[in-house]
Amino acid sequence: MMSGGARRRGLSGATVLVGLALTLAACATTPTAPPVSPETGTTAPAPAPSPGPAPAPEGQGPATLPGWNDEDHLAAFEAWAAGCAVARDAASRTQCARAMHIKQTSKPVTPSMARAFFESGFTVVAAVTADGGPGLLTSYFAPEYAARHAPDAEFDMPVLPRPAYWTRGDVMAVRADIEAAPREELEASALAWMRAEDLFFMQIQGSGYLTFEDGTTARAAYAADNGRPFTGIARPMAEQGLLPANGTSGEAIRAWLAAHRGPEARAVMALNPRYIFFAVDPDDGGHPNGAAGIPLIARRSIAVDPAHWRYGDLVWISADGGNLTGARASYQGLVMALDTGSAIRGPVRADFYMGRGAAAGEEAGSVRHPLRMWRLVPRDR
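Residues numbered from 1 in each chain as written. Predicted model: local features only at pLDDT ≥ 70, side-chain atom pairs only at ≥ 80, totals over all residues. Heavy atoms only, no water.

*Asks:* Help me understand the pattern of salt bridges, please; the structure alone is not making it clear to me.
*Replies:* Charged atoms that come close allow side chains of opposite charge to pair. The full count for this structure, using the stated rule, is 17 salt bridges. Between Glu71 and Arg300 there is a salt bridge; the shortest N-O distance is 2.9 Å. Of this pair, Glu71 sits in the segment before α1 (73-83) while Arg300 sits in the loop between β8 (276-282) and β9 (301-303), placing them 229 residues apart in sequence. Residue Glu71 shares its accessibility class with Arg300, and that shared class is buried. Its salt-bridge partner being Arg175, residue Glu179 comes within 3.6 Å of it at the nearest N-O pair. Of this pair, Glu179 and Arg175 both sit in helix α4 (residues 175-179), four residues apart, which is roughly one turn of that helix. (Salt bridge = Lys/Arg side-chain N within 4 Å of Asp/Glu carboxyl O. Helix = DSSP H or I, 4+ residues; strand = E, 2+ residues; numbered from the N terminus. Buried < 20%, exposed > 50% of the residue type's maximum accessible area, 1.4 Å probe, protein only.)

*Asks:* What's the story with the packing of helix α6 (residues 196-205) against helix α8 (residues 250-259) in this structure? I'm lost.
*Replies:* When two helices pack together, you describe them by how their axes are tilted relative to each other and by the distance separating the axes. Running from amino to carboxyl end, α6 crosses α8 at an angle of 145°, the nearest separation of the two axes being 9 Å. Between α6 and α8, the residues in contact are Glu197, Asp198, Phe200 and Phe201 and Gly250, Ile253, Arg254, Leu257 and Ala258, respectively. A breakdown of the residues in the contact of α6 with α8 according to their chemical character gives five nonpolar, one polar and three charged. (Axes fitted to C-alpha atoms, helices over the stretch in contact; angles between N-to-C directions. Contact = heavy atoms within 4.5 Å. Nonpolar A, V, L, I, M, F, W, Y, C, P; charged D, E, K, R; others polar.)

*Asks:* In this structure, what is going on with the nonpolar core? I would like to understand it.
*Replies:* General note: in soluble globular proteins, nonpolar side chains tend to be found buried as a group. Residues Met194, Leu199, Met202, Leu210, Ile253 and Leu257 are the most contacted members of the largest nonpolar core, which totals 38 residues. Considering each element in turn, this core owes the most residues, six residues, to α6. (Core = buried A, V, L, I, M, F, W, Y, C linked by side-chain atoms within 4.5 Å.)

*Asks:* Sorry if this is basic, but what is going on with the packing of aromatic side chains here?
*Replies:* Aromatic ring pairs are defined here through the distance separating the ring centres and the angle between the ring planes. As enumerated under the stated definition, the model contains eleven aromatic pairs in all. Ring centres of Phe117 and Phe122 lie 5.9 Å apart, and the angle between their planes is 70°; this geometry places the pair in the edge-to-face category. Neither residue differs from the other here; Phe117 and Phe122 are each classed as buried. An aromatic cluster of at least three residues, connected via ring pairs, comprises Trp68, Phe77, Trp80, Phe117, Phe118, Phe122 and Trp316. Arg148 extends its terminal NZ or CZ atom over the ring of Phe155, reaching a point 4.0 Å from the ring centre. The lysine or arginine in question, Arg254, covers the ring of Phe201, its NZ or CZ lying 5.6 Å from the ring centre. (Phe/Tyr/Trp six-rings, centres within 6.5 Å; stacked < 30°, edge-to-face > 60°. Lys NZ or Arg CZ within 6 Å of the ring centre and 35° of its normal.)

*Asks:* Is there a simple way to explain the sheet that holds strand β7 (residues 217-225) in this structure?
*Replies:* Strand-to-strand pairing in sheets goes through backbone hydrogen bonds, with the strands running parallel or antiparallel. Strand order in this open sheet of four strands is β3-β6-β7-β8, and the pairing throughout is mixed. In the strand order of this sheet, the two ends are held by β3 (144-146) and β8, each with one partner. Each neighbouring strand pair of the sheet contributes to a mean axis angle of 35°, computed without reference to strand direction. Across four bridges, strand β6 (residues 208-211) lies against β7 in antiparallel orientation. Across the sheet, the residue bridging to Gly208 is Ala220, located in β7. Packing of α6 onto the sheet brings it into contact with β3, β6, β7 and β8, and relative to β8 it is tilted by some 95°. (Pairing = 2+ DSSP bridges.)

*Asks:* Would you take a moment to explain the environment of Pro158 for this structure?
*Replies:* Inspection of the secondary structure assignment puts Pro158 in strand β4 (residues 157-159). Residue class for Pro158 comes out buried when judged on its relative accessible area of 3%. Taking the C-alpha atoms as reference, Pro158 lies 9.5 Å from Arg148; in sequence the two are ten residues apart. What Pro158 contacts, discounting residues up to four positions off in sequence, is Leu186, Ala190, Ala192, Trp193, Leu199 and Tyr275.

Function-wise, these values are silent; they only describe arrangement.
Take a look at the structure:
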């Protein structure tokens, strides 16, 4: 998933994002308080215990998966063909070559051909948690923000480049101290200028897209970090009475920060000591790279724990029962493991890449669903 922000995704140089949601907070649960969403930093009830769909028998084909008949197999095939080259094992390469051959010899590829490709080329193995219960699905996206080439009263926070002396693993000054550097130093090195709350959210995501006053656009990609841990601000904002306990969505936090822009908002943002530095490059109009090194595919890519999954793995997700306001009933379908993140841990844990822009961000901020996952194991012929 990404290489910066709270998650250090490829979106940011190595996943990236949730501008409307504070991504990657701690996942700790206490007896007296509900957990903080790892991807949104928002306080929310834990996923309700649920048996979920019955695991597909190991060694059986994808047709045994819950909801398989409702899948858009052609869209899934196109996504696999676009990303399968990152897979390193021989069997995956065999199926990738097979997909390329189908694309080259069948004009067009039909939905039935795509379905037959998966059913003949893969078997299914269920991923399981230690206790056999459901895992967790969250979501992220590539944010788009307004920016300026020069500072003004509203756009007063600099997008800073990687310090010349930085090396990976360095522990540097905390957010508040970096932002308190002499103004002339900040102005001399700034790559762009943003609203304080927008920069804060972009740093959580690890990368984003900028639109300047002259209509030009650029991509801000993760370049370095200050080595400090990420701390979500949703819970302390609720504890301080700044927001209601059940009203700490990403959009609510963002609105509060904008309404209190200045010393008050900066004091709250300083509760998260982590700081991200960026490189600003031309915007190619596409999607950011995940940790696998290729562009993420909207609604067909997930960030996973590399201790349990490999980049390029084909995965079936089934998630329903989301408990955040505005949540969709369910997410189900074939996705590819193309990213990772510091809070994505465990065998049944995924962060779903929703896409780019405000609409994707609004939906991403409402995803916190109990999750079941299956690995589609490629046949070696």
